[in-house]
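Architecture at a glance
So the chains spell out like this:
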Amino acid sequence: MQTIQFSDFQKVEIRIGTIIQAEIFSEAKKPAYKLLVDLGELGIKKSSAQITENYVPKKLVGKQVVCICNFPPKQIANIMSEVLVTGFHDQNGHVVLTTSDLPVPNGTKLY
């Protein structure tokens, strides 16, 4: 494990947002969903997420997720992904989203 300074961690903008739209991303090379995430004051941002093993689109809508908001946008197939939705690999190597157990306002920053 690489050690970083707290000042390095403070550079990462981690915020919570609510998924307001999720659909199959058929143009992606690997199975994925296109997501629209409401990040409050930052607006609605697009993301691509390879989470098809554990989630179906209609159950994602309304789920709050933890996002990295200050990576540069990345072209993924025919969309520009604007935020990174975070998660952890389960015992089968499939992504489980990082969420909040209680609702918080969209766009709230991790401190």
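Residues numbered from 1 in each chain as written. Predicted model: local features only at pLDDT ≥ 70, side-chain atom pairs only at ≥ 80, totals over all residues. Heavy atoms only, no water.

**Focus on the overall build of the chain**
Secondary structure assignment for the chain yields 2 helices and 9 strands. When the helices and strands of the chain are read in sequence order from the N terminus, they spell out α-β-β-β-α-β-β-β-β-β-β. The globule rule puts the C-alpha radius of gyration for 111 residues at 13 Å, and the 14 Å found for the chain is close to it. Principal axes of the C-alpha set define a box for the chain whose edges measure 40 × 35 × 30 Å. For the chain, the proportion of its 111 residues judged to be buried stands at 34%. Intrachain contacts of the chain at a sequence separation of at least 6 include 58% that bridge at least 24 residues. Taken as a whole, the chain presents about 7500 Å² of accessible surface, with 56% of it coming from carbon and sulfur. Taking the average place of the 12 positive charges on the side chains of the chain and the average place of its 10 negative ones, the gap between the two points comes to 3 Å. (Helix = DSSP H or I, 4+ residues; strand = E, 2+ residues; numbered from the N terminus. Rg over C-alpha atoms; globule rule 2.2 N^0.38 Å. Buried < 20%, exposed > 50% of the residue type's maximum accessible area, 1.4 Å probe, protein only. Contact = heavy atoms within 4.5 Å. Areas by Shrake-Rupley, 256 points an atom, 1.4 Å probe, with all protein chains shown as cover. Lys, Arg positive; Asp, Glu negative; His and termini not counted. Charge placed at Lys NZ, Arg CZ, Asp CG, Glu CD.)

**Some points on the pattern of salt bridges**
Tallied over the entire structure, the rule returns 5 salt bridges. Arg15 is the salt-bridge partner of Glu13, the closest N and O atoms lying 2.5 Å from each other. For the residue pair Glu13 and Arg15, the accessibility class agrees, reading buried in each case. The network of salt bridges with shared partners includes Glu13, Arg15 and Glu41. (Salt bridge = Lys/Arg side-chain N within 4 Å of Asp/Glu carboxyl O.)

**Quick word on the packing of aromatic side chains**
Going through the model one piece at a time under the given rule, you end up with 1 aromatic pair. Between Phe6 and Phe9 the ring centres are 5.9 Å apart and the planes differ by 40 degrees, which places this aromatic pair in the tilted class. Note that Phe6 and Phe9 are positioned in helix H1 (residues 6–10) at a spacing of 3 residues, about one turn of the helix. (Phe/Tyr/Trp six-rings, centres within 6.5 Å; stacked < 30°, edge-to-face > 60°.)

**A look at the sheet that holds strand S2 (residues 33–38)**
As summarised here, the arrangement of the 5 strands in space is S3-S2-S1-S4-S7, forming an open sheet in which the pairing is antiparallel. Each edge of the open sheet is held by one strand with a lone partner, namely strand S3 (44–49) and strand S7 (84–85). In this structure, strand S4 (residues 64–68) lies alongside S7, joined through 2 bridges in antiparallel fashion. Residue pairing for S7: Ile68 is matched across the bridge by Leu84. (Pairing = 2+ DSSP bridges.)

**Here we look at the environment of Leu36**
Here Leu36 is to be found in strand S2. Linking Leu36 and Ala22, residues 14 residues apart in sequence, is a C-alpha distance of 6.6 Å. Excluding residues within four positions of it along the chain, Leu36 makes contact with Thr18, Ile19, Ile20, Gln21, Ile44, Lys45 and Lys46.

**Structural notes on the pairing of S2**
As paired strands, strand S1 (residues 14–24) and S2 are joined by 6 bridges and run antiparallel to one another. The residue of S2 that forms the bridge with Thr18 is Asp38. In this structure, S2 lies alongside S3, joined through 6 bridges in antiparallel fashion. Paired with Leu35 across the bridge in S3 is Ser47. Between S2 and S3, which pair antiparallel one after the other, the connecting turn spans 5 residues, and Gly40 there sits at a positive phi close to 60 degrees.

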